[in-house]
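In case you want the letters, here they are:
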Amino acid sequence: MSWLESIISPLSFLFEADKRIYWLYLLSSGLLAFFISGKQFFSVKLWFNRSSLVDLCWLFINQWIFKLLVIPLFALQVSYALTINNFLTDLFGSGNYWQLNQPVLVILFTFILFISQDFAKFLVHFTLHKIPFLWRFHAVHHSATTLTPLTLYRIHPVEMLINSLRSLLIGALVSGLFVYLFKNPLGITQILGVNLFVFIFNIAASNLRHSPVWLGFSKCEYLFISPAQHQIHHSAAVQHFDKNFGSALAVWDYLFNSLLLSKEQAVKSFGLDNKGINRQNLKKQWRGIKS
């Protein structure tokens, strides 16, 4: 890869459907944002400030690291899936128990992969907050004082590696399990090269999660994480700490008692608290005040 290609490669995200900032996802979010809050999403101050510039820097840095360290790992995902299949065969004997209609199998696989990845994202995110050592890496993401779609890429390389390994592991496990259980050749429902459910999530205003546009889902927030709920997650207010870890589904937060609906809530500022990344003491003080 030439140095010029290395520099401009992150700009290609606008034309790659597997990226959150793909032009179609930005367009759908922008149109919805316009109807909700007028020109708020298109404000020059929102996109051109110190925090947004830091987001852009992290995007370029992590893209280079991703191509050097992570892509070679994903090239072996098929091999990992076959390894899982061989392991299950050695443990339980030959599989291929069921034959389903191919469209049914494809949709089932796509759905199970989406659910598994979403739960794994929740667990990793939950852990990044709960373990102080890991929180110091995740705090990079929470240090953003202005939220834009580019804030998604404001992550420490260690967190990026953790999430990449999580995606690789879940993908290999689910793929290997389906290869073992079903006689059909494995497939995946895709639109523009993206998992169907991921496409729906991204087209449905996912970019407003990292934005100042307040969009709640009313009672549907018990099932799906709304942009407003994720903004609560980024809030600098102590009462909002460690809430709404979910990516797409809210059921995991409900089960782990970390769900907070957006109704009657308001976020006045984003970013880390005034004492930096040490949230543990502040949370203890908050619990003491409430009690």
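Structural data are supplied above this passage.
All residue numbers here refer to positions counted from 1 along the written sequence of the relevant chain. Totals for whole chains, interfaces and linings use all residues, but because this is a predicted model, local features are given only for residues with pLDDT of at least 70 and pairs of side-chain atoms are given and counted only at 80 or more. As a convention, hydrogens and water are excluded, and side-chain values are obtained from all of the structure's heavy atoms.

A. Quick look at the overall build of the protein. For the protein, the count of helices and strands is 12 helices and two strands. The helix and strand sequence of the protein, counted from the amino end, reads α-α-α-α-α-α-α-α-β-β-α-α-α-α. Three labels apply to residues, based on accessible area from a 1.4 Å probe with only protein chains included: buried if under 20% of the type maximum, exposed if over 50%, partly exposed otherwise in between. A total of 291 residues make up the protein; the buried ones form 44% of that total. By the convention used here, residues are in contact when the closest approach between their heavy atoms is within 4.5 Å. A separation of at least 24 residues holds for 75% of the contacts in the protein among residues at least 6 apart in sequence. Each helix corresponds to a stretch of at least 4 residues labelled H or I by DSSP, and each strand to a stretch of at least 2 residues labelled E; elements are numbered beginning at the N terminus.

B. Focus on the pattern of salt bridges. For this document, the term salt bridge refers to a Lys or Arg side-chain nitrogen within 4 Å of an Asp or Glu carboxyl oxygen. Evaluation of the coordinates by the stated rule reveals two salt bridges. The closest approach of N and O atoms between D242 and K130, which form a salt bridge, is 3.4 Å. Linking D242 in the loop between α10 (227-233) and α11 (251-255) with K130 in helix α6 (residues 102-130), this pair joins segments that are 112 residues apart in sequence.

C. Spotlight on the environment of L168. Examined against the element boundaries, L168 turns out to sit in helix α8 (residues 157-181). Placed 94 residues apart in sequence, L168 and F74 show a C-alpha to C-alpha distance of 6.6 Å. For L168, the contacting residues outside a window of four places in its chain are L73, F74, Q77 and Y80.

D. Layout of a nonpolar patch on the surface. A cluster of nonpolar side chains, L14, F15, W23, L27, L31, F34, F35 and F42, forms an exposed patch at the surface whose accessible area comes to about 910 Å². Summarising the element assignment, F42 is placed in the loop between α2 (23-37) and α3 (44-47). Patches draw on residues past 30% relative accessible area with no salt bridge. Two like charges within 9 Å are joined, as are two nonpolar side chains (Val, Leu, Ile, Met, Phe, Trp, Tyr) within 5 Å. What sets the accessible areas is the Shrake-Rupley method with a 1.4 Å probe; for residues, cover comes only from the shown protein chains.

E. Broad picture of the side chain of Q117. Mapping Q117 onto the fold places it in helix α6. You can call Q117 buried: its relative accessible area is 12%. Pairing of N or O atoms within 3.5 Å defines a polar contact, subject to two protein rules: one partner must be a possible hydrogen donor and the other a possible acceptor, and residues neighboring in sequence count only if both atoms are side-chain atoms. A polar contact is formed between the side chain of Q117 and the side chain of R166, at a distance of 3.0 Å. For Q117, the residues in contact, after removing those within four places along its chain, are R166, S167, I170 and G171.

F. Layout of helix α7 (residues 132-142). With respect to burial, α7 is a largely interior element, eight of its 11 residues being buried. The set of residues buried in α7 consists of L134, W135, F137, H138, A139, V140, H141 and H142.

G. Spatial organisation of the environment of G171. Within the secondary structure, G171 is located in helix α8. Each C-alpha atom of the pair G171 and V78 lies 9.2 Å from the other, and the pair is 93 residues apart in sequence. Among residues more than four places away in sequence, those in contact with G171 are Q77, L113 and Q117.

H. Inspection of the packing of helix α4 (residues 50-74) against α8 at higher detail. Whenever a helix is involved, its axis is fitted only over the stretch in contact; in every case the axis is a line through C-alpha atoms, and angles between N-to-C directions fall within 0 to 180 degrees. One way to put it is that α4 packs onto α8 with a least axis distance of 10 Å and a crossing angle of 35°. Of the two possible hands of crossing, α4 and α8 adopt the one that is right-handed. Here W58, N62, I65, F66, V70, L73 and F74 of α4 lie close against α8, whose contacting residues are P157, M160, L161, S164, L165, S167 and L168. Considered class by class, the residues forming the contact of α4 with α8 number 11 nonpolar, three polar and no charged. Here is the rule for handedness: rotate from the far helix to the near one, and if that takes an anticlockwise turn smaller than a right angle the crossing is left-handed, while a clockwise turn gives right-handed. Ten residues, namely Ala, Val, Leu, Ile, Met, Phe, Trp, Tyr, Cys and Pro, are considered nonpolar, four, namely Asp, Glu, Lys and Arg, are considered charged, and the remaining ones, Gly among them, are considered polar.

I. Quick look at the packing of aromatic side chains. We call Phe, Tyr and Trp rings a pair once their centres come within 6.5 Å, taking the six-membered ring for Trp, and we label the pair stacked below 30 degrees between planes, edge-to-face above 60, and tilted otherwise. Inspection of every chain in the model, using the stated rule, returns 23 aromatic pairs. Look at F34 and F35: their rings are 6.2 Å apart centre to centre, the planes differ by 75°, and that puts the pair in the edge-to-face class. The exposure class of F34 is partly exposed, given its relative accessible area of 44%. Aromatic side chains F41 and W47 sit 5.9 Å apart centroid to centroid with 85° between the ring planes, which places their arrangement in the edge-to-face category. The class of F41 is buried, set by a relative accessible area of 4%. Residue class for W47 comes out partly exposed when judged on its relative accessible area of 28%. Aromatic rings pair up to connect Y97, W98, F109, F178, Y180 and F182 into one cluster.

J. Expanded view of the environment of Y254. Mapped onto the elements of the fold, Y254 is located in helix α11. The sequence separation of Y254 and L223 amounts to 31 residues, and the corresponding C-alpha distance is 8.7 Å.

K. Broad picture of the nonpolar core. What is meant by a nonpolar core is a set of buried Ala, Val, Leu, Ile, Met, Phe, Trp, Tyr and Cys residues, joined one to another through side-chain atoms within 4.5 Å. In this structure, L88, L105, F109, L113, A120, I170, V174, F178, Y180, L181 and F182 together form the largest nonpolar core, which totals 11 residues. Elements represented by at least two residues in this core include exactly α6 and α8. By residue number, the principal contributor to this core is α8, which donates five residues. Counting six residues, the second-largest nonpolar core is a separate cluster that includes A33, A205, L208 and L215.

L. Region of the structure containing the packing of α2 against helix α9 (residues 196-203). Contact geometry of α2 with α9 gives a least axis separation of 8 Å together with a crossing angle of 40°. With respect to their mutual orientation, α2 and α9 come out oblique. Residues L24, Y25 and S28 of α2 lie in contact with α9, whose contacting residues are F199, N202 and I203. Angle categories are assigned with fixed cut-offs, so that under 35 degrees is roughly parallel, over 145 is roughly antiparallel, 65 to 115 is roughly perpendicular, and the rest are oblique.

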